[in-house]
Amino acid sequence: MSEEQLIIPWEIDSTLGKLYVPPYIEEMALEVLQHYNFKVNQMEVMATKEEKGGLIWKIETDQGPKSLKILHRRPIRSLFSIGAQEYLRKIKKARVPSIVKTNTGENTVEMGGKIWFVAEWIESLYEVKKDLEGTKILSNAIGEFHHLSKGYVTPIGAEHASRLYRWPKAYKRTIKKMKWFKDVANTHNDMPASRLILSTIDTFQEQARRALTMLENSPYSQLTARGNKEWGLAHQDYGWGNGKMGTGGMWIIDLDGVAYDIPIRDLRKLIEESLENLGKWDVSWILEILEAYHEANPIEDAVFEILLIDMALPNLFYKNMKEMLYEPRLFLDEKLKSDVERIIELDHTKWPVIEQLRKEWKGGKNK
Amino acid sequence: MRVLIICTEKLPVPPVKGGAIQTYIAGAVPYLNENHAITILGRDDPSLPDEEIIDDVQYVRVPGKLLETYREGIVNFVKDNTFDLIHIFNRPRLVCPVRDVAPNSRIILSMHNDMFKIEKIDPAEATKAISQLDKIITISNYIGEAIVKLFPEAKPKLQTIYSGVDLDRFVPIYSDKGRKLGDWIRKEYELESKKIILFAGRLSANKGADVLIRAVHKLTKKHSNVALVLMGSKGYSDNRMTDYIAYINAMANRFSIPVITTGFVQPDQIQNWFAAADIFVCPSQWEEPLARVHYEAMAAGLPIVTTARGGNTEVIEGNKNGLIVENPDNPEEFVTHLSTLLTNPKLCKQMGQHGRNFVERNHSWDRVVSDIANVWKEIDYNIQNNTTIGSVTLQGKKQLMENIQDTEQKEANADQEIQGEKRDKNINTRLSVIEEQQSPITQKTQLRKKKKLPYSPFNRSRSKNLGLVSILF
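The residue numbering used here restarts from 1 in each chain and proceeds along that chain's sequence as written. Each chain takes a letter, starting from A, and each ligand takes a number, starting from 1, following the order in which they are written. Side-chain atom pairs in this predicted model are given and counted only at pLDDT of 80 or more, local residue features only at pLDDT of at least 70, and totals for whole chains, interfaces and linings cover all residues.

Asks: Would you take a moment to explain the domain arrangement of chain B for this structure?
Replies: Size of an interface, as often reported, equals the accessible area lost when the parts are brought together. Residues and elements named next belong to chain B. Here chain B is described as being made up of domain 1 (2–160) and domain 2 (176–361 + 452–460). Boundaries between domains were set according to an automatic or database domain assignment. Taking only C-alpha atoms into account, the centre of domain 1 sits 32 Å from that of domain 2. By definition, residues are in contact whenever their C-beta atoms, placed on the basis of the backbone, come within 7 Å of each other. On the domain 2 side, the residues contacting the 10 residues of domain 1 number 9 residues. Sorting elements by how many residues they give to the side of domain 1 that touches domain 2 places helix H5 (residues 141–150) first, with 3 residues. Along the lines of polarity and charge, the residues of the side of domain 1 that touches domain 2 split into 4 nonpolar, 5 polar and 1 charged. The helix count covers DSSP runs of H or I at least four residues long, the strand count covers runs of E at least two residues long, and both are numbered beginning at the N terminus. Under the scheme applied, nonpolar residues are Ala, Val, Leu, Ile, Met, Phe, Trp, Tyr, Cys and Pro; charged residues are Asp, Glu, Lys and Arg; polar residues are all the others, including Gly.

Here you go:
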C-alpha cells in the first residue's frame, strides 16, 4: 500500500528551457495514455503551468491530433469543469473541444493526485484581431457560451464551483490588498515606482470602497437569489487566447476555471483588456461590444448595473500591482512607474465614460 | 455501550495527515475504549485499509473529500449496523441523514468550528438536526454562543469541553528538558542572544502575522534584541506561495531584525520552537473558535499576547498568564504589551509559570477524556431511563452536575498534593517519570509517519526552512 507519487509544482530555469517537464511526469503521461484506444505517434509540450503543476501536450495519434492535459486544480474541482465541457459539447452542441473517452468509457484519468484528460485538437484555430471587429466577435462568442451554459448541474462526485455569491468577498479582498501594496511600497520606498504608487494608492483604494458600497446597494442579492443553475457559467479566463476562430465559428477553449457566476464578469474583463490596448475609455467602442454580446445573451438592466459597478473597481491598477508582492526589489522599477502613469491616465478617461454608458445604453436598442 | 464515532470527510483517522479533530479523536479513544465498544467511521486514505481493528477499536473508512460523497458512505454503513450512541464531529449536516437510518440511536455532536452558520447549513436542516441531538459539545463558549445566537433552542444541550495539550511533549522553557530543546534551536538559527517572539499558525490574513510583523518592526526602535519566528505555512503540509505570504515576506525581508519563517513544521516537532521562544503572540484578526496554540504556549511556560477575538480570551486569566489586545488590527497595542513583557523578565516568568499551572490544572488530555466519558455516561443514563430522544432531562442534568462536582473534587485533591512542593522541582520530577512511561497519546504521535517535504516557497527568501508546523482543523 505504498503511497503514489504526487505531481508537485516544478521550477524551470534558462538551462532547462521553458517547456521542461520532469521525467516522472513524462512517465505518468505514457501510463495515462495506456487508458486510451488510439495509438500515439508523437507528443509535444505546448504549454506548462509549472508553478501549479499543470501542463498541456499536443499528441498526434492514429485517430487524429488531440490534446492531453493535466489540470492543476484539486481533482474534485477539475471534475466540475470536465462535466461542464461535456455538457456544453454534448447537450448544447457548443463549439468547445469534445472530450475523448478512455477505453473504459471515462472522461478522465486520475494520476499523481491530478485529473488528466484527452480532448480533440481543433487544428484550424487562429486568433481574431485586436481591433473593434475582433473584440466584437469575441464578445458575441462569450455571450453564446454564457447562454448555452445555463442549466448545467454539478456532477455527483465533483466540487460545486461557484463565484456567484462571492462578489462582496472579492471586493473586500481588493480593498485589503490595496493596503498590502501600500505597506510593501512603504517598506521599499527607495525603489523607483514606490513614491508614485504611494501618492495614488489611496485614490484607488477609495474607488474600491465605493464600488463595494454600490454593490451592497445594488440588485446583486436579488440576482444571485435565482441560483447557480439559472445563471450558468463564466469562463473566468476569457480573452484572445481562449476564444479562437475556427471551423464553424468561434471556439472556446481552456475551460478548466469555469464556475457558476453572474457571467457578465467575463465581458467586463474583455472590454477592459480591449480598452487597455486602445489606450483610452471610449463610449461608442464599448457600446458596440455590448451590442455584440447582447445579441447572443441579452443583458437585462439589473445586470447592466452590476457591470458598471464591476467596472468601477480599480481592476487594471490591481492587476498590475499584484506582482509587487512577490519580487518588490525587481518589480518596483522604472517600468512599473511608467505603467502606473499610463494607468492613471487611462483611469481619468474612465469615469466620464461610465456615466455616459449609464445614459446611452438602451438595452440593446441602440441600433 | 456500542459507540460510533463519525469523523469529518477531510482527513483520515489515525491522523496520518494531521488535523486537530483527528488528533483529538486518536488521543481520546484509547481511554474511552476501556468501557465501550467503539467503531470509528472516517474517510479513506491510500495508506490505510478500508476496514481494520486495532486495539479492539474498529475502523471503517469510506470515500471522503466531498461531504455529499462521504454522507452516502456514512448512511450506507449506519443503515446496516446498530449503535447505542453516535458521536458526530463538526458536521451538523450529517445529523439528519444519520437519524433517518438510525431512528433509535442517541446522537451527540462535537463542534470545533462555527459550522451552524448560514453559509454552512440550511437553517431548516440545522433546526431539525438540533432537535435530534441529546447533546452538543463545543470546544469553547464562543462556539456555543454562536450556535445559540442563531438557534436559541440549542442552549440546554450545550456543553463546553475545552481541548487539551500534551503536557509531556510541550515542556516549560524553564525546565531542564525545555532549556535543552530551546538551546539547540537557538544555536541552529544563531539566535542565542535574542529575545524570541513566536507566532504559530497558518499564514493567512485571518491569523494576523502581518500586523505582528509591523508591530515588531516598531518595537525594535526600543528593543533591538528581538527576533520574530513565524512558524507555519499556507496550510497543512502545504508550503505553496500565496499573495499573503509574498506580502509578509516582502515586508519582513526589509527589516533589520531577524524574521525566521519556518515553512510547514510537522505537528510532532512544533514543541521545539515553543521551547526556544520567550514570548508567544496570537495576533488573530478573525473570530476564531479558540486556537490550540494558546494551550501549547502555556504548556511551554510562555507569557502570551493574544487578541480579543472569538474564544481566545476564555483561557486568559487577566494579566496572570497573558495580555489581551483589544483592537487586533492596530500594531501599537501589540507594541505596548510586548514592551511591557520585554522590559520585565520577572513578569514573563511569572506569567509563564501561571500558564503552565493553568494548563496542568485544566487542559490535560486526561481531563478532556474524562469530560467526554462523562457525557457518554449521561447518554447511557438517558438510554437506561428511556428518556425521549433529543430531550434534555432533569435527571440527565443532575447526573451531569454530579459528574462535574466529582471532577472538581478530584482536581482540588490533586492541587492539595502539589502544594508544599517547589513547582519547578515538581514539574521536572513529573517530566522524568513521564519520559519513562510515555502516555498512549505521545506514543501515537511518535508513530505518525513522517512525510517527505515538498518544495518550499521560503527558499526564495533568505530565511531558513526548518521543515515543519501547523494546527489546522
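Asks: Looking at this structure, I do not really get the interface of chain B and chain A. What am I missing?
Replies: Taken together, the contact between chain B and chain A spans 14 residues of the former and 19 residues of the latter. Per-element tally for the side of chain B that touches chain A: the top contributor is helix H8 (residues 243–252) of chain B, with 5 residues. Taken together, the residues of the side of chain B that touches chain A sort by class into 9 nonpolar, 2 polar and 3 charged.

Asks: Whenever I open this one, the environment of Ile262(A) confuses me. Can you help?
Replies: Residues and elements named next belong to chain A. Structurally, Ile262 can be placed in the loop between strand S10 (259–260) and helix H8 (264–278). Separated by 45 residues in the primary sequence, Ile262 and Leu307 place their C-alpha atoms 9.6 Å from one another. Those residues within four positions of Ile262 in sequence are excluded, and the remaining contacts are Leu164, Leu223, Trp231, Val303 and Ile306.

Asks: Would you explain the packing of helix H7 (residues 209–219) of chain B against H8(B) in this entry?
Replies: Angle between the axes and distance between the axes are the two parameters that describe a pair of packed helices. All names here are of chain B. The angle between two axes is taken between their N-to-C directions and runs from 0 to 180 degrees, where each axis is a line fitted to C-alpha atoms and a helix contributes only its stretch in contact. The interhelical angle for the contact between H7 and H8, taken along N-to-C directions, is 5°, at an axis separation of 10 Å. Viewed along their axes, H7 and H8 adopt a mutual orientation that is roughly parallel. Between H7, through Ala209, Asp210 and Ile213, and H8, the contact on the second element is made entirely by Tyr247, Ile248, Met251 and Ala252. Residue composition of the contact of H7 with H8, by class: 6 nonpolar, no polar and 1 charged. In this scheme, roughly parallel covers angles under 35 degrees and roughly antiparallel covers those over 145, while 65 to 115 is roughly perpendicular and the rest are oblique.

Asks: Looking at this model, I keep getting lost on the domain arrangement of chain A. Mind explaining?
Replies: All names here are of chain A. Under the domain assignment used here, chain A contains domain 1 (23–120) and domain 2 (132–360). Each side of the interface is counted separately: domain 1 has 19 residues, and domain 2 has 20 residues. Of the residues forming the side of domain 1 that touches domain 2, the biggest block, 11 residues, is contributed by helix H2 (residues 75–91). Taken together, the residues that form the side of domain 1 that touches domain 2 break down as 10 nonpolar, 4 polar and 5 charged.

Asks: Teacher, can you tell me more about the sheet that holds strand S5 (residues 85–89) of chain B here?
Replies: The pairing of strands in a sheet comes from backbone hydrogen bonds and takes either a parallel or an antiparallel form. All names here are of chain B. Two strands pair under a simple rule: DSSP has to find at least two bridges between them. Judged by pairing direction, the sheet is mixed, and its 8 strands sit side by side in the order S3-S4-S2-S1-S5-S6-S7-S8 without closing on themselves. Since the sheet does not close on itself, it has two edges, and those belong to strand S3 (51–54) and strand S8 (158–160), each with one partner. Between one strand axis and the next, the sheet turns through 20° on average, direction left out of account. Summarising the sheet, S3 and strand S4 (residues 57–62) pair through 4 bridges and their orientation is antiparallel. In the strand pairing of S4, Ile54 is matched with Val57. Each of strand S1 (2–6), strand S2 (37–43) and S4 is contacted by helix H2 (residues 67–79), which is oriented at about 135° to S4, the strand it contacts most.

Asks: It is not clear to me how the environment of Asn277(A) should be interpreted in this structure. Could you clarify?
Replies: Here Asn277(A) is to be found in helix H8. Separated by 145 residues in the primary sequence, Asn277(A) and Leu132(A) place their C-alpha atoms 11 Å from one another.

Asks: Explanation requested: the sheet that holds strand S9 (residues 195–200) of chain B in the structure shown.
Replies: Residue and element names in this part refer to chain B. Across the sheet, which stays open at both edges, the 6 strands sit in the order S11-S10-S9-S12-S13-S14 with parallel pairing between neighbours. Because the sheet does not close on itself, it has two edges, and the strands there are strand S11 (259–261) and strand S14 (322–325). Strand-to-strand twist of the sheet, defined as the mean angle between neighbouring strand axes without regard to direction, takes the value 20°. Bridging between strand S10 (residues 226–231) and S11 involves 3 bridges; their strand directions are parallel. From the neighbouring strand, Leu230 faces S11, where its bridge partner is Thr261.

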